[in-house]
Amino acid sequence: MHAGLKITAFAAALAATFGTAYGVGKGVDPVVEDPAPARHERHSEAAPTPEGGGGHEAEPAGGLQISEGGYTLDLRTPSVTAGKRADLSFVIRDSGGRAVTAYQREHEKELHLIVASRDLVTYRHLHPARAADGTWSIPVELPRAGGYRVFADFTPAKKGAENLTLGADLAAAGSYAPQQPPAPAATVKTDGYEVRLDGALRPGRASELKLKVSKNGRPVTDLQPYLGAYGHLVALRSGDLAYLHVHPNGEPGDGRTEPGPDISFTATAPSSGTYRLFLDFKHAGEVRTAAFTVRTGAAPATVDTPSGEHEDESGHGH
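Residues numbered from 1 in each chain as written. Predicted model: local features only at pLDDT ≥ 70, side-chain atom pairs only at ≥ 80, totals over all residues. Heavy atoms only, no water.

A. The pairing of strand 14 (residues 193–199), seen in detail. Pairing of strand 13 (residues 187–190) with strand 14, which is carried by four bridges, proceeds in the antiparallel orientation. Each residue of the ladder has a partner; that of valine 188, found in strand 14, is valine 195. Connecting the antiparallel pair strand 13 and strand 14 is a turn made up of two residues, with aspartate 191 showing a positive phi of about 55°. Strand direction decides the pairing type here: strand 14 and strand 15 (residues 207–215), joined by seven bridges, are antiparallel. Residue valine 195 lies in a different strand from strand 15, and its bridge partner there is valine 213. (Pairing = 2+ DSSP bridges. Helix = DSSP H or I, 4+ residues; strand = E, 2+ residues; numbered from the N terminus.)

Below, the structure is given as structure tokens:
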């Protein structure tokens, strides 16, 4: 895992129009998150070329499809009730309708699952468990009613198979109250940590994004590897949830990458627009997530995050 960038565009397609209520149930707390960073979208392992042309160019739109490359995401749980814990389950099927039971491991996992609300306020990066029959499942508790998008990122074990990201809509029933992502700001605070973002996310052009982690005013220099990296970055474009997963410039044990305080990424935005960036990093045995709002084309890339809690994969806030 080098300075690769994988980009997948997901077009928005809401299955239903929301009124003041979204199904049945009740709305709940603020932002929640399940760390366990994600990889994915078609890898581009070329060397980084920040601020130059070429390299890390946006790929053709993909991932919006529920079916692609002969594989289909069969979401067994199309709806849940906001604020109530439920098992989210799904199956990946091949062109013959058979459940896929063999996958390549990428970034220490067979499959990475992203769940994001369409207003980009709630975000989860999950790693579900797979049963012998190919059914994937994981408990989730979505804090607010409304529309969500589920992204399954995986590579089948079949020879010659490519990395795929399949998407499906998920509804959370309850009283629906849409929110707006926070305005951009250069620094965010999360779980007692402060993360600063330097650099600009540019459409159609590779550039460096550098995130600096500190705690109590002191730089964190002992970040721990998480899924094979000191940090993972996922970007979702506001409006259609175009999805980017960016890997750091360097990795633990390569002889040149320090365990903090800086984590550097090279990224290319597929277009102008507003994006939410979600940085996962591990320190003191726990995975933390810092969320930023960034507008492409603006001078420094800026950010901010709501003051809501983040959750780990077991559902515990931190």
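The structure having been displayed, the exposition proceeds.
B. Structural context of the nonpolar core. Counting residues in each nonpolar core, the largest one holds 28 residues, and the members touching the most others are Phe90, Ile92, Leu111, Leu113, Val115, Ala152 and Phe154. Taken together, the elements giving at least two residues each to this core come down to strand 4 (71–75), strand 6 (86–93), strand 7 (111–117), strand 10 (135–140), strand 11 (146–154) and strand 12 (164–175). Ranked by the residues each element gives to this core, the list is headed by strand 12, at five residues. Apart from residues lying up to four places away in sequence, isoleucine 92 is in contact with Tyr71, Thr72, Leu73, Arg98, Ala99, Val100, Tyr103, Leu111, Trp136, Ala152, Phe154 and Leu166. With 26 residues, the next largest nonpolar core counts Val195, Leu211, Val220 and Tyr275 among its residues. (Core = buried A, V, L, I, M, F, W, Y, C linked by side-chain atoms within 4.5 Å. Buried < 20%, exposed > 50% of the residue type's maximum accessible area, 1.4 Å probe, protein only. Contact = heavy atoms within 4.5 Å.)

C. Representation of the side chain of histidine 127 within the structure. Along the chain, histidine 127 falls in the loop between strand 8 (123–126) and strand 9 (129–130). Here the side chain of histidine 127 touches histidine 112 through a polar contact of 2.7 Å, side chain to side chain. Looking at histidine 127, its side chain comes within polar contact range of the side chain of histidine 125, at 3.3 Å. (Polar contact = N/O pair within 3.5 Å; in protein donor to acceptor, adjacent residues only side chain to side chain.)

D. Highlighting the pattern of salt bridges. All chains considered together, the criterion is met by 11 salt bridges. With its nearest N and O atoms 3.0 Å apart, the salt bridge here joins arginine 130 to glutamate 110. In this pair, arginine 130 is assigned in strand 9 and glutamate 110 in the loop between strand 6 and strand 7, connecting sequence segments 20 residues apart. Here the salt bridges do not stand alone but share partners, grouping Asp74, Arg76 and Arg93 into one network. (Salt bridge = Lys/Arg side-chain N within 4 Å of Asp/Glu carboxyl O.)

E. Main features of the side chain of arginine 118. Looking at the element boundaries, arginine 118 is found in the loop between strand 7 and strand 8. Assessed through its relative accessible area of 18%, arginine 118 is described here as buried. One polar contact links arginine 118 to aspartate 169, side chain to side chain, over a distance of 2.4 Å.

F. Expanded view of the sheet that holds strand 3 (residues 67–68). Taken in spatial order, the five strands of this open sheet run 3-4-6-10-9, and their pairing is antiparallel. Edge positions in the sheet fall to strand 3 and strand 9, since each has one partner strand and no second.

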